[in-house]
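Working through the structure, step by step
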Amino acid sequence: MNKNIKQNYLNKINEFKKHNKLYYENSSPIISDKEFDKLKKEILDLEKKYIFLKSNFSPLKSVGFKPSKNFLKFKHRQKMLSLSNAFNEEDLINFEKKILNFLNEKVNLDYSVEPKIDGISASLTYKNGNLVIGVSRGDGKEGEIITDNLKTIKDIPHKVKNSNFPKDIEIRGEVFINKNDFEKIKDNFANPRNAASGSLRQKNPEETRKIPLNFIAYTFGYFEDNKYKLQSDFLKDLKLWGFKTSEHNKIEKSISGLVSLHKKFEKERFQLEYDVDGLVYKINNLKLQKRLGFTSNAPRWAIAHKFSADYSYSEILNIEIQVGRTGALTPVAKVKAVNIGGVVVSNVTLHNEDEILRKDIRIGDTAKIERAGDVIPHVIEVDLKKRKNSSKKFIFPNNCPSCGSKTEKEFNKITKKYDAVRRCSSEGFECEKIAIEKLKHFISKEALNIDGLGKRVIEKFWDLKLINSPEDIFKLDYDKISNLDGWGKQSVSNLKYSIEKAREVTLDRFIFSIGVRHIGIENAKLIADNLKTIEGFIDIINKKNINELLNIDGIGETQIQSIKKFIKNKENINIINKLSKILSIKKLEINKKGRLKGKTFMFTGKLAGISRAEAKSLVEKNSGSIVSTVNQKLNYLVLGEKPTNKKIELAKKLSVKIISQQEWTKLLN
Ligand code: AMP
């Protein structure tokens, strides 16, 4: 039991290390800020619950990432730490309680409230009024010397002449980029913070100068002979000395005051020129700050009260129609790029015509946009107060914007309702957009699984007229491809290899790959299992005997109608015939006596060296089966990297065997 807990903890620590590096050192995170914060919290919760869990890489012990080798290092005279996070009122009450317990006396606490600008911190040391060294935070103990880069920022004074400016002081603040300036360079960076971090840590300061960075000062680090009594007084003087400070800094006296300020600011933050991801509350009294001191990675006297990372507001610049593989017309709003929890969003789905009407979404409107978890960004509502006279209603097209065919809404005989989705009436390759999507489907993992021929490549080859139809994939002009930008000998030979490998395919995958609406991989398997051979499949199509498939348990009227519609289109039949000659389509082999006979499996997390689709297929080849929910019928839950906790917990409750990928491989052979 303890072994499992420890392993789970260490997995999380390793994940954390990986993302920490991507976030701080490479300035190119691959998960959102929210997921990053969640991971940190999960580790801290585990540490709290099981005191035997310890690691030097715990978020409680680490700050940022060690300085990059590209720069000279500098040991901070006073550590540059992180801030602990609060997400709700309860967290704030606990924060205050801890402070009062620590001080062990009844004092009235005033808080200096400052916006938490979502950039990266920098430290500026001034001696006798001259900026002598500028350093990044690094791992909190040592930072990178980036003086020349920092000097390119217009908000950073090189010299301060005021007579009351301290002789030896380190000023700290945030380097960031405005949203409008980010818009121009958004293709090169994951989000504005990474743009700031990436630009600031360029080897050549002239590269830094090209990006309009800003600096807002908010505190001191090393400060010889500090006579200040209040943080708020220090902030005032920072301004007098010529540093920019936030015009939103305030003093607040109670937790309830902090909470209402947070609520108000959370709404208003979208109008700011730069990203703010929370409010920082600092005990205003510097004497108390000194007494409270620091834990290993954060001050005890400050906390960051985060904003929701799930939504933001942005302007709808245009509405475009995307045509999907099955002809579905999906309206997509092109919005002014907006950072939602570390992920920059510029395309937002509007789902369908009814949704646009119901929410009265117009071009030019300001919309509240949600991006939570894996859900695609969508509009929650538009802000009617911000509606401009020039806002434009969107007229949903009656004809497909790609091929001009009529569009239609299907009538569902069972529900007696029209479908919400409007579709292009062409079911085939005549519609360019549908054709491209069909090709993407054809090469996808569960279909022909052609590595090296991803979605982007399909689009490119389509534009170059290298591929018009699935069979073209097997007659590609490799000489032409090797002369294309970005294609070397190796990549061409890899592509050739994976295409040749894909010539051999099982019947179920083939049926799935031709992309009939409502025939997913499971239905394709049922049909393949029933018809056995490609000849059987072609026979039923030629004789138009589709109703025969109704005998298959699991295939219903919807699937039958869909196949009928599909084969009405001659081009579709043509393609099936051509492919059947080019490919070697194998019977679906179900090994009735396989090693996993009667056993059910479920995978969670990323598997090493094998796709989910292949793993499933291996189980099935060995007579096992896959289930899609954790229930009593499940025999094994197989854990990959970063598994879903909920599934593990439920499996434990139901006494389902939890095994690693290695154990699963052992079961196979
Ligand atoms: P964390 O990102 O959790 O390490 O939080 C600490 C960081 O918040 C600091 O290193 C700063 O980059 C940033 N920050 C932004 N605004 C402020 C502020 N007013 N006071 C302190 N830290 C701030």
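Definitions and limits used
- Residues numbered from 1 in each chain as written.
- Predicted model: local features only at pLDDT ≥ 70, side-chain atom pairs only at ≥ 80, totals over all residues.
- Heavy atoms only, no water.
- Phe/Tyr/Trp six-rings, centres within 6.5 Å; stacked < 30°, edge-to-face > 60°.
- Helix = DSSP H or I, 4+ residues; strand = E, 2+ residues; numbered from the N terminus.
- Buried < 20%, exposed > 50% of the residue type's maximum accessible area, 1.4 Å probe, protein only.
- Lys NZ or Arg CZ within 6 Å of the ring centre and 35° of its normal.
- Domains from an automatic or database assignment.
- Pairing = 2+ DSSP bridges.
- Lys, Arg positive; Asp, Glu negative; His and termini not counted.
- Salt bridge = Lys/Arg side-chain N within 4 Å of Asp/Glu carboxyl O.
- Polar contact = N/O pair within 3.5 Å; in protein donor to acceptor, adjacent residues only side chain to side chain.
- Near = heavy atom within 4 Å.
- Areas by Shrake-Rupley, 256 points an atom, 1.4 Å probe, with all protein chains shown as cover.
- Nonpolar A, V, L, I, M, F, W, Y, C, P; charged D, E, K, R; others polar.

As for the packing of aromatic side chains
For any pair of aromatic rings, the description consists of the separation of the ring centres together with the inter-plane angle of the planes. Summed over the entire model, instances satisfying the criterion amount to 25 aromatic pairs. An angle of 35° between the planes, with centres 5.8 Å apart, marks the rings of Phe461 and Trp487 as tilted. With Phe461 in helix H13 (residues 455-463) and Trp487 in the loop between helix H14 (478-482) and helix H15 (489-502), the pair connects residues that are 26 residues apart, well separated along the chain. Residue Phe461 shares its accessibility class with Trp487, and that shared class is buried. Taken together through their ring pairs, the aromatic side chains of Tyr126, Phe165, Phe220, Phe223, Tyr228, Phe234, Trp241 and Phe243 make up a single cluster. Across the ring face of Phe57, the terminal group of Lys17 is positioned such that the distance to the ring centre comes to 4.0 Å.

What about the domain arrangement of the chain?
The figure often quoted for interface size is the accessible area lost as the parts come together. What the domain assignment lists for the chain is domain 1 (2-49), domain 2 (73-306), domain 3 (311-393), domain 4 (464-586) and domain 5 (600-668). The gap between the C-alpha centroids of domain 4 and domain 5 is 29 Å.

Brief notes about the sheet that holds strand S23 (residues 636-639)
In spatial order, the strands read S22-S21-S23-S24; together these four strands make up an open sheet with parallel pairing. Since the sheet does not close on itself, it has two edges, and those belong to strand S22 (625-626) and strand S24 (657-660), each with one partner. As paired strands, strand S21 (residues 600-604) and S23 are joined by four bridges and run parallel to one another. Its bridge partner being in S23, Phe601 is matched across the sheet by Tyr636.

Quick notes on the side chain of Asp275
Summarising the element assignment, Asp275 is placed in the loop between helix H9 (255-268) and strand S10 (276-283). Of the side chains with opposite charge, Lys179 comes closest to the buried, unpaired Asp275, at an N-O distance of 4.4 Å. Within the structure, the side chain of Asp275 is placed 2.9 Å from the side chain of Asn339, a separation counted as a polar contact.

As for the pairing of strand S18 (residues 417-424)
When strand S17 (residues 407-412) meets S18, the two strands line up antiparallel, connected through five bridges. Considered in S18, the bridge of Phe411 is made with Tyr418. Following S17, the chain reverses through four residues before pairing antiparallel with S18; Lys416 in that reversal takes a positive phi of roughly 55°.

Things to note about the pattern of salt bridges
Throughout the structure, instances matching the rule amount to 48 salt bridges. A salt bridge links Asp310 to Lys34; the nearest nitrogen and oxygen atoms lie 2.8 Å apart. Residue Asp310 is located in the loop between strand S11 (302-306) and strand S12 (311-323), and its partner Lys34 is located in helix H2 (residues 33-49); the two are separated by 276 residues in the primary sequence. Looking at Lys34, the relative accessible area reads 37%, which means it is partly exposed. For Glu355, the salt bridge is made with Arg358, and the minimal N-O distance between the two is 2.7 Å. In this pair, Glu355 and Arg358 both sit in helix H11 (residues 353-358), three residues apart, roughly one turn of the helix. Residue classification places Glu355 among the buried residues on the basis of a relative accessible area of 9%. You can call Arg358 exposed: its relative accessible area is 61%. By sharing partners, the salt bridges in this structure join Asp37, Lys116, Asp277 and Lys306 into a single network.

A closer look at the site of the ligand
Around the ligand sit Ser82, Leu83, Glu114, Pro115, Lys116, Ile117, Ser121, Arg137, Glu174, Tyr218, Val280 and Lys282, and that is every residue in its neighbourhood. One nitrogen or oxygen atom from the side chain of Lys116 is found 3.4 Å from an oxygen atom belonging to the ligand. Between the ligand and Arg137 there is a distance of 2.9 Å, counted from an oxygen atom to a side-chain nitrogen or oxygen. For the ligand, the accessible surface in isolation is 490 Å², of which the surrounding protein chains cover 90%. For the shell around the ligand, the secondary-structure elements that each account for two or more residues are strand S3 (111-117) and S10. The leading source of residues in the shell around the ligand is S3, at four residues. In terms of residue class, the shell around the ligand is built from five nonpolar, two polar and five charged.

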